[in-house]
Amino acid sequence: MPMKGRFPIRRTLQYLSQGDVIFKSSVKVMTVNYNTAGELSEGARKFVFFNIPQIQYKNPWVQIMLFRNMTPSPFLRFYLDNGEQVLVDVEDKTNKEITEHIKKILGKSKETLEKEERERKKLSHPATFGPKKYHLRECMCEIEGQVPCPAFVPLPKEMRGKYKAAMKKEA
Amino acid sequence: MSVRRGTVHAKWIVGKVIGTKMQKTAKVRVTRLVLDPYLLKFFNKRKTYFAHDPLQQCVVGDIVLLKALPERRSKHVKHELAEIVFKVGKVIDPITGKPCAGTRFLENLSDSENLTEADTTYLSEKLQELKVCSTDN
């Protein structure tokens, strides 16, 4: 049974996580003014239809507001933390060009993202064992080449505590 | 049980004014896009904020930008009016600066009466460039 809607791929987690525009922490509000008719707004309409879900998914704390048919020309407006406002004219631009432009002006650069990724990796040590939430693996028995879990394969007699205690007692 | 919280979560918000019956206070509705966990679609979720408007210049239907106050003014008022983005009925297109209504401008954009000689020659040159020449096959 196929998914419902016009382009249901927009409603998949894989598509949403493919968004590459991550705003800087100073961007608080994004406002999109576009028109529902007219060729000049075509790029803006495609941007709202395809790219806004990706952007909101990646930036959950940015307020995004959409205004339809308020002004003849389509534009984007960003409100930053220091009171500054950035106006982006998107008349006659394709949605790809719009995303590239805002990524360049207000998106976090690749170096910043990599640095943040490294900081996050530093917090967790990959060689420790524990609950799945905090560690990669839960027990040594999960690793290939190590002693398998006694729940599935019984341990050989020599490794069992019962046998070892009996041997000690005998000696 | 009144906990004096230090700072507000939302520093800058944009919303629509829905009520001005209170003195020097505007009731603003703010919509945010929230992802539905099953449908994986974004829906508008609304929340009302009260904003301090000392000059009472807001009318119902204005789109306003609110700024968080450093400390709470009263039990519910935590924001103040920073600027009116779009005034209802008097929307100004920020790209051209002209008043507009819906998808059309209210005043005549072209001022062909005030064009100088240099302007007309420049414009006619540009028009020549844009003319599509048909290739003879």
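Since we're looking at a predicted model, the values are computed, not measured.

In this section: the sheet that holds strand S5 (residues 77–86) of chain B. Residue and element names in this part refer to chain B. Sheet architecture is closed into a barrel: 5 strands sit in the order S1-S2-S3-S5-S4, paired in mixed fashion. On average, each strand axis in the sheet is inclined to that of its neighbour by 50°, with strand direction left out of account. The pairing of strand S1 (residues 12–19) with strand S2 (residues 25–35) spans 3 bridges and is classified as antiparallel. The residue of S2 that forms the bridge with Gly 19 is Lys 27.

A few words now on unusual backbone geometry. All names here are of chain B. A positive phi angle, close to 55°, is found at Lys 24, a residue other than glycine. For Leu 40, which is not a glycine, the phi torsion comes out positive at approximately 60°. As for its placement among the helices and strands, Leu 40 is situated in the loop between S2 and strand S3 (42–52). Judged by relative accessible area, which is 15%, Leu 40 ranks as buried.

So, about the interface of chain B and chain A. As a measure of interface size, the accessible area lost when the parts come together is often cited. Contact with chain B, which involves 30 residues of that partner, is made by 33 residues of chain A. Where chain B abuts chain A, roughly 2,600 Å² becomes buried across the two surfaces, and 70% of that area is made up of carbon and sulfur atoms. Taken together, the links from chain B to chain A amount to 0 salt bridges. For the pair chain B and chain A, the number of links is 6 residue pairs in polar contact (both at pLDDT 80 or more). Those elements giving two or more residues to the side of chain B that touches chain A turn out to be S1, S2, strand S4 (63–68), S5, strand S6 (100–101) and strand S7 (104–105) of chain B. Among the elements that take part in the side of chain B that touches chain A, S2 of chain B stands out by supplying 5 residues, more than any other. Residue classes in the side of chain B that touches chain A are distributed as 19 nonpolar, 5 polar and 6 charged.

Our next topic: the UniProt feature "domain: Ribosomal protein/NADH dehydrogenase" (unreviewed entry) in chain A. Feature annotation in UniProt assigns "domain: Ribosomal protein/NADH dehydrogenase" (unreviewed entry) to the following positions: residues 36–109 of chain A. Span residues 36–109 of chain A is 39% helix and 23% strand, its end C-alpha atoms 33 Å apart.

Glancing now at the pairing of S2 of chain B. Side chains on a regular strand alternate between the two faces of the sheet. Residue and element names in this part refer to chain B. Here S1 folds back onto S2, and the loop between the two strands holds 5 residues, one of which, Lys 24, carries a positive phi near 55°. Where S2 and S3 come together, 11 bridges link them in antiparallel fashion. The residue of S3 that forms the bridge with Arg 32 is Lys 45. Counted between consecutive antiparallel strands, the loop separating S2 from S3 contains 6 residues, among which Leu 40 sits at a positive phi close to 60°.

Our focus in this paragraph is the packing of helix H2 (residues 42–58) of chain A against helix H3 (residues 95–106) of chain A. For any two helices packed against each other, the geometry is given by the interaxial angle and the distance between the axes. Residues and elements named next belong to chain A. The contact between H2 and H3 brings their axes to 8 Å, and the two run at 50°. If you check the angle between H2 and H3, you find them oblique. When the axes of H2 and H3 are compared, the crossing they make is right-handed. Residues Gly 43, Ala 44, Lys 46, Phe 47, Phe 50, Asn 51 and Ile 55 of H2 lie in contact with H3, whose contacting residues are Asn 95, Ile 98, Thr 99 and Ile 102.

Rules used throughout
Residues numbered from 1 in each chain as written. Chains lettered and ligands numbered in written order. Predicted model: local features only at pLDDT ≥ 70, side-chain atom pairs only at ≥ 80, totals over all residues. Heavy atoms only, no water. Pairing = 2+ DSSP bridges. Helix = DSSP H or I, 4+ residues; strand = E, 2+ residues; numbered from the N terminus. Axes fitted to C-alpha atoms, helices over the stretch in contact; angles between N-to-C directions. Buried < 20%, exposed > 50% of the residue type's maximum accessible area, 1.4 Å probe, protein only. Contact = heavy atoms within 4.5 Å. Buried area = accessible area lost by both parts, 1.4 Å probe. Salt bridge = Lys/Arg side-chain N within 4 Å of Asp/Glu carboxyl O. Polar contact = N/O pair within 3.5 Å; in protein donor to acceptor, adjacent residues only side chain to side chain. Nonpolar A, V, L, I, M, F, W, Y, C, P; charged D, E, K, R; others polar. UniProt positions renumbered as here; feature names shortened; annotations may be inferred. Parallel < 35°, antiparallel > 145°, perpendicular 65-115°, else oblique. Left-handed = near helix turned anticlockwise from the far one by under 90°.

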